[in-house]
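These are the residues of each chain, in order.
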Amino acid sequence: MLVFFMTTIDGAAEKWERYGAAMKAALNKHDTILDKEIRHYGGRIIKHTGDGFFAVFEDGMPLHCAHAIQEHLRNETWKGINTLSVAIGIHQGEAEKRGEDYFGITVNRTARIMSAAWGGQTLLSKQAADQCDLPPGAVLQDLGVHVLRDLGEPQQIFQLLPSGPGTREFPPIRSLSNHPHSLPAQTTPFIGRVQEIRTITRLLVSQPCRLVSLVGSGGIGKTRLALQAGAEMIGSFPHGVFFVPLDGLTVGSIQFLVFTIADAIRFTLHGKQNPEVQLLNYLQEKNMLIIMDNFEHLVEESMLLTKVFAYAPHIKFLVTSRERLNLSGEIPIEVTGFACPDSTSDQRFMLYPSVQLFVQSAHRADPGFILQDTDRQAVIRICHHVEGIPLGIELAASWVRALTCEEIDAEIDKGMDFLTSTLRDVPKRHRSLRSVFNYSWDLLSKKEQKICQRLAVFEGGCTVHAAGAIAQATLGDLASLADKSLLHRHISGRYEMKKLLRQYAREKIESDQDEYALTKTHSIRFFAGFLQERLDSMDGKEQIAVFNEIAMDFENIRNACQWAIDINDIESLKKISPTLFAYYDHKAWFKEGKQVFTKFMRVLERFPHSSMDADEQLFYGKTVFRLGRILRRLGRYEDAGRAFTQSIVVFKRLNAFKDMNFVLLQQAIIALRTGDLEHARTISEQVLEESTREQEKNAMAQALTNLGVIAYYQGNYEQCRVMHREALTIRLELGQLRAIAAALNNLANITDSLGDKDEARRLYEQSLEINKAIDNRSGLSIIYGNLGEIHQGLGDIEKSQHYFELSLDLARQIGDPEALVNSLQSMGYLYVQKGDHDRAQQIFRETLRIAQKLNARPRIITSLDGIASMLKARGEDEQAARMCLGIIQQERVAPEVVTSVNQLLGDITS
């Protein structure tokens, strides 16, 4: 068995505040002494705890060590601070080891034994007393049985004393047994909540606060926190700390509350005098902390506390409740779920209170339970599923006797009814999470229940405006529900319902089909209007704020969109479509965009064109066009082409020439991608002429961009630069951030080709900053690739590879095959330069496969050029030459590729 050994400097905080630099020197001396003695007597130091040590003894002599430390410190000269003493706690038992640290009940109990000791005093448990040898001349003094501040079972405590005269006398140890109280013993150690304990203690001990309320949902751990806080403060209230459980008290009058408090603080009411007056008179001269537990159903009787404040100036209250009392002077503390780890590789994994509680609860259910590394991911999911709610974690962990952690996680995912307990000593309202929610639900008014049901349709919370429009909730209603711990208000002003509570309320509204249908209709109307109002800001200077706003509500928008699709609500879809498409395009969420706009098409195809009015036909044409644009970004050029042709038919019939020009420009882009430069030029010049005449600047800019790219492919670099400069001027005039970033990138490309690498890099970096600001991942992938080529040309291979890897990673995330081919080809040429020919060959084969699947002729040829470069670098000149000749013989080969191939051929023949 291990013996655990903990120390702390008595009054360390006061010494630091009073002595400053002198305390720093003293602490260094203290650390040296303790380090030396612990190691000398066979101990192993686990960690420093700020002002103390945590050590473990397996075969050493912990009592000899404690005796030596106390004697050494007592005889040491402490310059500038008068004296320094430590409290030592020693306990023996089993603990769970993770890495080099230990966790569990035994460790917690050691800390509590230490905290009961005074400076210069060594205390130990009976287990340690039975296990450890005494140093020569020392004796153990039995201090009796004590309830420690961990509120666990009473513990027999011993004090280590040297024999002989002059033995120092200490006050009664700092245990609960030496102070009046009615705090009930707890069967489990307290976990976490360190900051909350500090805050409660500071407010009720160091400040003139009279009432602190711990507010939170059921099962969140308010009672356990209040009890532990009371135990920590017990020495600060001479007349005691008393616990008043109110869960069994039905709603009644203040008189019932008076009798309950009197009974809890051990005051006997007598005679015919008014009980309330008797209680107030008794409390008048007392310095006492009263913990009122589960006050939520007695909020109307809270005026009794106000009377106590007036009559008894030294009485303070710590109240737990599911809602605020809303009394003057009340300081509410919101109690939330435990923090949960996000990754199994987190080095602090076992320090998270959620994980510690799961392991502790699992041990109670199955003493043989051991948390394996393979269980970690499931435990993380379990803790997140129940949102760190302690009751939820305990209920989940109780199943380890029958299920694996993976199976527990899967069962929770099916519904909250799995989270139940059959323990008889658990209050009925805490035997399942459903019972917890039933209890809270029954405390609500009918209006509040209706609002909660409607709010359950929101995912990720909602704004006050949305709550009003969809749930008919006023700001006062939301504030009241937040006070009752049913909603959480973020700093942003949004209100959110916890996941499990939302699931419970969602069941309520789904069981009322009429109410559910009406709420969904309100949601469709609200978010359709929400998106329509933001359409004009999607390209301009407000773009960043608008995208952030949409992102906050995107889950709600997804739901509203699907509900509109379900009921064929074309009018709402017309409002949703343009902004939703712009958002998908910006985020590069092409796969989801394809799914959604395919559903839009299915709705529209349910109605024959003959039955559609002009607006509905125009919407049909725009929807086909938007789906085509998404298909083009996914590299499905043939499908995109068919969609564009279909939309042109509609736009021609409706004389919608402005819309038709944008379709033509997309057709030109496909022609560019597949190598048909003349067709791309014809279309782009036609659109430029028409859009210039109509001063349709968006189309003008895109046409100029297309013509600039064509000029680049044909080697007309000066013409290319003119086109891109004109396009940039228009984009700047329109204030379109994303388009400005793209135009800067295009201008940088041609500037680089003209040999001005410094100016090109400056332009790329300007584009990079804009793309970062608006979180444009497609643009970032392109810019990173181009910056990689700039640095490759400057000979900085390391930085070049860094940028290429960033580009490639984003391209894979986005799922954009065009961007992927660009990134891969750049990386392939880099590997040729580095001499890694096998890796280069693998990459160019991949780009060739993707380019062939896309039927992207220019990319097929550049992939072949890459393979030829790799063959030449590997010394296979004959094969490289044959491939070069084959490339030159192809039709419509871009001039820069011809130049590259000719240079490669020249290198081979020389």
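Please read these numbers as outputs of a predicted model, since none were measured by experiment.

Undergrad: Quick question: what am I supposed to make of the overall build of the protein chain here?
TA: If you tally the helices and strands in the protein chain, you get 39 helices and 16 strands. For 910 residues, the compact-globule estimate of 2.2 N^0.38 gives 29 Å, and the protein chain exceeds it by more than 25% at 37 Å. Each of the three principal axes of the protein chain carries a C-alpha extent, and together these read 105 × 70 × 50 Å. Looking at the 910 residues of the protein chain, the share that counts as buried comes to 54%. Residue pairs at least 24 apart in sequence account for 67% of intrachain contacts in the protein chain once pairs closer than 6 positions are excluded. Within the protein chain, the 112 negative side-chain charges are centred at a point lying 2 Å from the centre of the 103 positive side-chain charges.

Undergrad: Looking at this structure, I do not really get the environment of K484. What am I missing?
TA: Locating K484 in the fold gives a position in the loop between helix 18 (475–483) and strand 15 (488–489). Remark: the alpha-carbon pair of K484 and S778, spanning 294 residues in sequence, is separated by 45 Å. Those residues in contact with K484 that sit more than four places away from it in its chain are R322, E323, L444 and E448.

Undergrad: Help me understand the sheet that holds strand 12 (residues 288–293), please; the structure alone is not making it clear to me.
TA: In sheet architecture, strand pairing relies on hydrogen bonds along the backbone and comes in two forms, parallel and antiparallel. Pairing in this open sheet of five strands is parallel, and the strands run 11-12-13-10-14 from one edge to the other. Edge positions in the sheet fall to strand 11 (241–245) and strand 14 (330–334), since each of these pairs with one other strand and no more. Ignoring which end each strand starts from, the neighbouring axes of this sheet average 20° apart. Where strand 10 (residues 211–215) meets strand 14, five bridges bridge the pair, whose relative direction is parallel. Residue V215 lies in a different strand from strand 14, and its bridge partner there is E334.

Undergrad: Looking at this structure, I do not really get helix 20 (residues 513–534). What am I missing?
TA: Residue pairs three or four apart in sequence face the same way in an α-helix, which turns once every 3.6 residues. In a regular helix each residue adds 1.5 Å, so 22 residues correspond to 32 Å; helix 20 covers 32 Å between its end C-alpha atoms and thus fits that length. By the burial criterion, the buried members of helix 20 are E515, Y516, T519, S523, I524, F526, F527, A528, G529, F530, L531 and R534. Packed against the buried residues of helix 20 are helix 16 (446–455), helix 17 (464–471), helix 19 (499–510), helix 21 (543–552), helix 22 (554–566) and helix 23 (570–587).

Undergrad: I keep staring at the side chain of T847 and nothing clicks. Help me out?
TA: In this structure, T847 sits in helix 36 (residues 837–854). Apart from the residues within four sequence positions on either side, T847 is in contact with V821, L824, Q825 and S863.

Undergrad: Please explain the pattern of salt bridges as it appears in this structure.
TA: Oppositely charged side chains are able to pair whenever their charged atoms sit close together. The full count for this structure, using the stated rule, is 48 salt bridges. Here D477 and K447 are joined by a salt bridge, their closest N and O atoms 3.3 Å apart. With D477 in helix 18 and K447 in helix 16, this pair connects stretches of sequence that are 30 residues apart.

Undergrad: How should I be thinking about the packing of helix 28 (residues 677–694) against helix 29 (residues 697–713) in this particular structure?
TA: Where helix 28 meets helix 29, the closest approach of the two axes is 9 Å, and the angle between their N-to-C directions is 150°. With respect to helix 29, the axis of helix 28 lies roughly antiparallel. The crossing of helix 28 and helix 29 is left-handed. On helix 29, the residues touching L677, A680, R681, S684, E685, V687, L688, S691 and T692 of helix 28 are A699, M700, A703, L704, N706, L707, I710 and Y713. Its residues placed into classes, the contact of helix 28 with helix 29 shows 11 nonpolar, four polar and two charged.

Undergrad: Quick question: what am I supposed to make of the packing of aromatic side chains here?
TA: Geometrically, a pair of aromatic rings is defined through the distance of the ring centres and the angle of the planes. Under the defined criterion, the tally for this structure stands at 24 aromatic pairs. With centroids separated by 5.8 Å and ring planes inclined at 70°, the aromatic side chains of F309 and F317 adopt a geometry described as edge-to-face. Pair check on accessibility: F309 and F317 agree, each one buried. Pairing Y584 with W589 gives two aromatic rings, centres 6.5 Å apart and planes at 55°, and the pair type is tilted. Assessed through its relative accessible area of 27%, W589 is described here as partly exposed. Chaining the aromatic ring pairs together yields one cluster made of F547, F554, Y583, Y584 and W589. Looking at K29, its charged tip hangs above the ring of W78, at a distance of 5.4 Å from the centre. In this arrangement the basic side chain of R174 is found over the ring face of W118, its NZ or CZ atom lying 3.8 Å from the centre.

Undergrad: Could you clarify how one ought to interpret the sheet that holds strand 3 (residues 53–57) in this entry?
TA: Pairing is mixed in the open sheet, where seven strands are placed in the order 2-3-1-4-7-9-8. Either end of the sheet is taken by a strand with one partner, and the two such strands are strand 2 (43–48) and strand 8 (138–146). Mean inter-strand twist for the sheet, computed between neighbouring axes without regard to direction, equals 25°. Of the pairings in the sheet, the one linking strand 1 (residues 2–9) to strand 3 comprises four bridges and is antiparallel in character. Each residue of the ladder has a partner; that of M6, found in strand 3, is F54. Helix 3 (residues 62–75) rests against strand 1, strand 3, strand 4 (86–93), strand 7 (122–125), strand 8 and strand 9 (155–162) of the sheet, and its axis sits at about 180° to strand 4.

Undergrad: Looking at this model, I keep getting lost on unusual backbone geometry. Mind explaining?
TA: Glycine aside, residues mostly have negative phi, and peptide bonds are mostly found in the trans state. The residue N82 is not glycine, and still its phi comes out positive at about 75°. For N82, the location among the structural elements is in the loop between helix 3 and strand 4. The backbone phi angle of R266 is positive, close to 65°, even though this residue is not glycine. If you trace the backbone, R266 turns up in the loop between helix 8 (254–264) and helix 9 (275–283).

Undergrad: Could you clarify how one ought to interpret the side chain of R210 in this entry?
TA: Tracing the chain through its elements places R210 in the loop between helix 6 (194–206) and strand 10. Here R210 occupies a buried position and makes no salt bridge, while the nearest side chain of opposite charge, E285, is found at 12 Å. From its side chain, R210 meets the backbone oxygen of I315 in a polar contact 2.8 Å long. The residues touching R210, leaving out its near neighbours within four places in the chain, are L204, V308, F309, A312, P313, H314, I315, K316 and F317.

Undergrad: Is there a simple way to think about the pairing of strand 9 in this case?
TA: Regular strands have side chains that alternate between both faces of the sheet. Of all eight residues making up strand 9, six are buried, and the element is well covered by its neighbours. Where strand 7 and strand 9 come together, three bridges link them in antiparallel fashion. The residue bridging S125 from the neighbouring strand is I157, located in strand 9. For strand 8 and strand 9, the ladder comprises seven bridges, and the chain directions are antiparallel. Looking at the pairing, A138 lines up with P162 of strand 9.

Undergrad: Could you clarify how one ought to interpret the state of the cysteines in this entry?
TA: Chemically, a disulfide is nothing more than a covalent bond linking the sulfur atoms of two cysteines. Scanning the model with the defined rule gives zero disulfides in all. Of the cysteine sulfurs around C340, a residue in no disulfide, the closest is that of C383, at 4.9 Å.

Undergrad: Looking at this structure, I do not really get the packing of helix 22 against helix 24 (residues 590–604). What am I missing?
TA: Helices that pack against each other are described as a pair by the angle of their axes relative to one another and the distance between those axes. The interhelical angle for the contact between helix 22 and helix 24, taken along N-to-C directions, is 25°, at an axis separation of 10 Å. With respect to each other, helix 22 and helix 24 are oriented roughly parallel. As for how helix 22 packs across helix 24, the hand of that crossing is left-handed. Residue-level inspection shows F554, R558, C561, Q562 and I565 of helix 22 in contact with helix 24, the latter providing E592, V596, K599, F600 and V603. In terms of residue class, the contact of helix 22 with helix 24 is made up of six nonpolar, one polar and three charged.

Undergrad: Any chance you could explain the environment of I370 here in plain terms?
TA: Relative to the elements of secondary structure, I370 occurs in the loop between helix 11 (353–365) and helix 12 (376–385). We classify I370 as exposed; its relative accessible area is 54%. Here the alpha-carbon distance between I370 and V359, two residues 11 residues apart in the chain, equals 8.1 Å.

Undergrad: For this particular structure, what's the right way to read the environment of I90?
TA: Mapped onto the elements, I90 comes out in strand 4. In this structure I90 comes out as buried when scored by relative accessible area, which is 0%. Between the C-alpha atom of I90 and that of T49, which follows or precedes it by 41 residues, the distance is 16 Å. Discounting residues that sit within four places of it in the chain, I90 has contacts with V3, F4, F5, P62, L63, A66, I113, T122, L123, L124, S125 and A128.

About the cut-offs
- Residues numbered from 1 in each chain as written.
- Predicted model: local features only at pLDDT ≥ 70, side-chain atom pairs only at ≥ 80, totals over all residues.
- Heavy atoms only, no water.
- Helix = DSSP H or I, 4+ residues; strand = E, 2+ residues; numbered from the N terminus.
- Rg over C-alpha atoms; globule rule 2.2 N^0.38 Å.
- Buried < 20%, exposed > 50% of the residue type's maximum accessible area, 1.4 Å probe, protein only.
- Contact = heavy atoms within 4.5 Å.
- Lys, Arg positive; Asp, Glu negative; His and termini not counted.
- Charge placed at Lys NZ, Arg CZ, Asp CG, Glu CD.
- Pairing = 2+ DSSP bridges.
- Axes fitted to C-alpha atoms, helices over the stretch in contact; angles between N-to-C directions.
- Expected span 1.5 Å × (residues − 1).
- Salt bridge = Lys/Arg side-chain N within 4 Å of Asp/Glu carboxyl O.
- Parallel < 35°, antiparallel > 145°, perpendicular 65-115°, else oblique.
- Left-handed = near helix turned anticlockwise from the far one by under 90°.
- Nonpolar A, V, L, I, M, F, W, Y, C, P; charged D, E, K, R; others polar.
- Phe/Tyr/Trp six-rings, centres within 6.5 Å; stacked < 30°, edge-to-face > 60°.
- Lys NZ or Arg CZ within 6 Å of the ring centre and 35° of its normal.
- Polar contact = N/O pair within 3.5 Å; in protein donor to acceptor, adjacent residues only side chain to side chain.
- Disulfide = S-S within 2.5 Å.

Purely spatial values, then, with no claim about function.
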